[in-house]
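Listed here are the chains, written in short residue letters.
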There are 2 protein chains.
Amino acid sequence: MHRPRKEMIAATRGKLIAAARHAFGTIGYAEASMDDFTASAGLTRGALYHHFGDKKGLLQAVIAEIDGEMAVRVNEVASKAPTRWQHFVDECTTYIEMALEPEIQRIMFRDGPAVLGDPAQWPNANACTASMTDHLTALQQEGVVVADLDPETAARLINGASSQAAQRIANSKDPEATSKKAIAAFKQLLEGLHKRA
Amino acid sequence: MHRPRKEMIAATRGKLIAAARHAFGTIGYAEASMDDFTASAGLTRGALYHHFGDKKGLLQAVIAEIDGEMAVRVNEVASKAPTRWQHFVDECTTYIEMALEPEIQRIMFRDGPAVLGDPAQWPNANACTASMTDHLTALQQEGVVVADLDPETAARLINGASSQAAQRIANSKDPEATSKKAIAAFKQLLEGLHKRA
DNA sequence: CAATTGGCATACAGTGCGTATGTGAGTAGG
DNA sequence: CCTACTCACATACGCACTGTATGCCAATTG
């Protein structure tokens, strides 16, 4: 029986990722001391370097985890829509709502790109965009969306707009009102993709 | 005559900003050693701390300078358009083109937001968005753009989409082809703001 | 011409990252 | 069942970088 060993290792990795995720999500990547957050997980930097190579490696692992969770949440919400177009729109607005959470905003939209570069190049964190791309492709084949459009490109642009919308809401004095305005403007932009009669 | 003194000070500030701008724009904010780039300007960190307080303060100064330049360039190009809508579209595409430059991309869209937070909250770097907001407002009054839209919000979303478009082009294997696709997708999104017949 | 301001350099301390090395618990062969 | 090995993780060390406290010298002012 060689389970205990494997389980201990997985537990250690999990603890490190959880501690780092909390630190990165609150005080930010640059300010997070490896000594501090490994200690908060009851470990030392030795474990961190053994499992993740360096601080960036740990950030990658954290990002992969968050991306997976986001993809699940988006699919859950959007799959209930009546039409595919509505499905697509719901997917986008859910994305904005998730981007409102400080942890996601900080790690996925701020520190992540600054430390690891263009998110489009990340190896393990593209589930959300991939899903949006698929829907756009399908909508195009159904004739709902204009044909002259590269789906993945469009998905990325929408992504960018979403994150701005979320930041605007998050930093607003009156998030309720700002949210309405931001989502309205966002949907208006999406209308541009609709094929005209 | 107390020019020489003032001029020397301005020269020092200029040299520091230029050296930092180059370092930030190439190797990035986090990797740029203050000792190194102050030395490359023939100075030491003493001058830096005297004039800018800390590393972040210097980044702010660099960003303010770049923002000013960007605003000038946008206005130069866009002011030649025949219609106001075209003027607005040109403004956006010019913005994308500028965002293609590695220095601007790195400092304004990656490291800047990571270190200083939401660009919308920056005190001295909003000239570009302000201009776009103005045009959207005017277009709205002329009935070209849908009335039910907050101009500043829309400007920010477009900003986000622009920066994604630029990153996509910049990281592409075939920038020429990607550029066409990205700008086409971008214009398609903008069409959503047009009032329909 | 003396006094003072302040621009900038130098010296110092704290902290954090990365690496090299050590140790003890689990694992495999005889 | 005992020994040798592996490997997860800790400890110890060196280096680089930021920020602050202090010092010096030139320019300004009366």
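Residues numbered from 1 in each chain as written. Chains lettered and ligands numbered in written order. Predicted model: local features only at pLDDT ≥ 70, side-chain atom pairs only at ≥ 80, totals over all residues. Heavy atoms only, no water.

J.: An account of the packing of helix α5 (residues 84-99) of chain B against helix α6 (residues 102-116) of chain B is needed here, citing residue identities and associated values.
T.: Residues and elements named next belong to chain B. Interhelical geometry of α5 versus α6 gives an angle of 105° and a closest axis separation of 7 Å. Classified by the interaxial angle, the pair formed by α5 and α6 is roughly perpendicular. Residues Y95, M98 and A99 of α5 lie in contact with α6, whose contacting residues are I104, Q105 and F109. Broken down by class, the residue content of the contact of α5 with α6 amounts to 5 nonpolar, 1 polar and no charged. (Axes fitted to C-alpha atoms, helices over the stretch in contact; angles between N-to-C directions. Helix = DSSP H or I, 4+ residues; strand = E, 2+ residues; numbered from the N terminus. Parallel < 35°, antiparallel > 145°, perpendicular 65-115°, else oblique. Contact = heavy atoms within 4.5 Å. Nonpolar A, V, L, I, M, F, W, Y, C, P; charged D, E, K, R; others polar.)

J.: Hey, could you go over the protein's contact with DNA strand D for me, with residue numbers and the actual values?
T.: Close to DNA strand D lie 20 residues, the nearest being T12, T44, H50 and H51 of chain A together with R45 of chain B. Within 4 Å of the protein, atoms of DNA strand D come from sugar and phosphate in 67% of cases. Within the backbone of A32 of chain B, a nitrogen or oxygen atom sits 3.2 Å from a phosphate oxygen of DNA strand D. Y49 of chain B has a polar side-chain atom sitting 2.7 Å from a phosphate oxygen of DNA strand D. Looking at the surface near DNA strand D, the elements with two or more residues in it are α1 (3-26) and α3 (45-52) of chain A together with α2 (34-40) and α3 (45-52) of chain B. A per-element tally of the surface near DNA strand D places α3 of chain A first, with 5 residues. Class assignment for the residues of the surface near DNA strand D results in 6 nonpolar, 7 polar and 7 charged. (Near = heavy atom within 4 Å. Polar contact = N/O pair within 3.5 Å; in protein donor to acceptor, adjacent residues only side chain to side chain.)

J.: Report on empty space enclosed by the protein, specifying residues and quantitative values.
T.: Across all of its chains, the model carries 2 cavities of 30 Å³ or more by this definition. Put simply, the second largest cavity is a space of about 30 Å³. The wall of the second largest cavity is formed by Q164, Q167 and R168 of chain A together with D118, A120 and R156 of chain B. The element that contributes the greatest number of residues to the lining of the second largest cavity is helix α8 (residues 151-170) of chain A, accounting for 3 residues. Broken down by class, the residue content of the lining of the second largest cavity amounts to 1 nonpolar, 2 polar and 3 charged. (1 Å grid on protein atoms, 1.4 Å probe; cavity = no way out; pocket = protein on both sides within 12 Å on 5 of 7 lines; lining within 4 Å. Points joined across faces, edges and corners; volume = space filled by probe spheres on them.)

J.: Quick rundown of the protein's contact with DNA strand C? Include the residues and the values.
T.: Taken together, the neighbourhood of DNA strand C is formed by 19 residues, with R45 of chain A together with T12, T44, H50 and H51 of chain B sitting nearest. Of everything in DNA strand C that lies within 4 Å of the protein, sugar and phosphate atoms constitute 69%. One of the backbone nitrogen or oxygen atoms of M34 of chain A is found 3.2 Å away from a phosphate oxygen of DNA strand C. The separation between a phosphate oxygen of DNA strand C and a polar side-chain atom of H51 of chain B is 2.3 Å. Residue assignment for the surface near DNA strand C shows that the elements contributing at least two residues are α3 of chain A together with α1 (3-26) and α3 of chain B. Among the elements that make up the surface near DNA strand C, the one with the highest residue count is α3 of chain B (5 residues).

J.: Give me the pattern of salt bridges: which residues, what numbers.
T.: Residue and element names in this part refer to chain B. Within the structure shown, the criterion is met by 16 salt bridges over all chains. Among the salt bridges present, the one from D35 reaches R45, with a minimum N-O distance of 2.9 Å. Highlighted residues: D35 in helix α2 and R45 in helix α3, separated in sequence by 10 residues. Its relative accessible area of 35% is what places R45 among the partly exposed residues. R84 is the salt-bridge partner of E142, the closest N and O atoms lying 2.7 Å from each other. You can see E142 sitting in the loop between α7 (127-141) and α8 (151-170) and its partner R84 sitting in helix α5, a full 58 residues away along the chain. Its relative accessible area of 36% is what places R84 among the partly exposed residues. (Salt bridge = Lys/Arg side-chain N within 4 Å of Asp/Glu carboxyl O. Buried < 20%, exposed > 50% of the residue type's maximum accessible area, 1.4 Å probe, protein only.)

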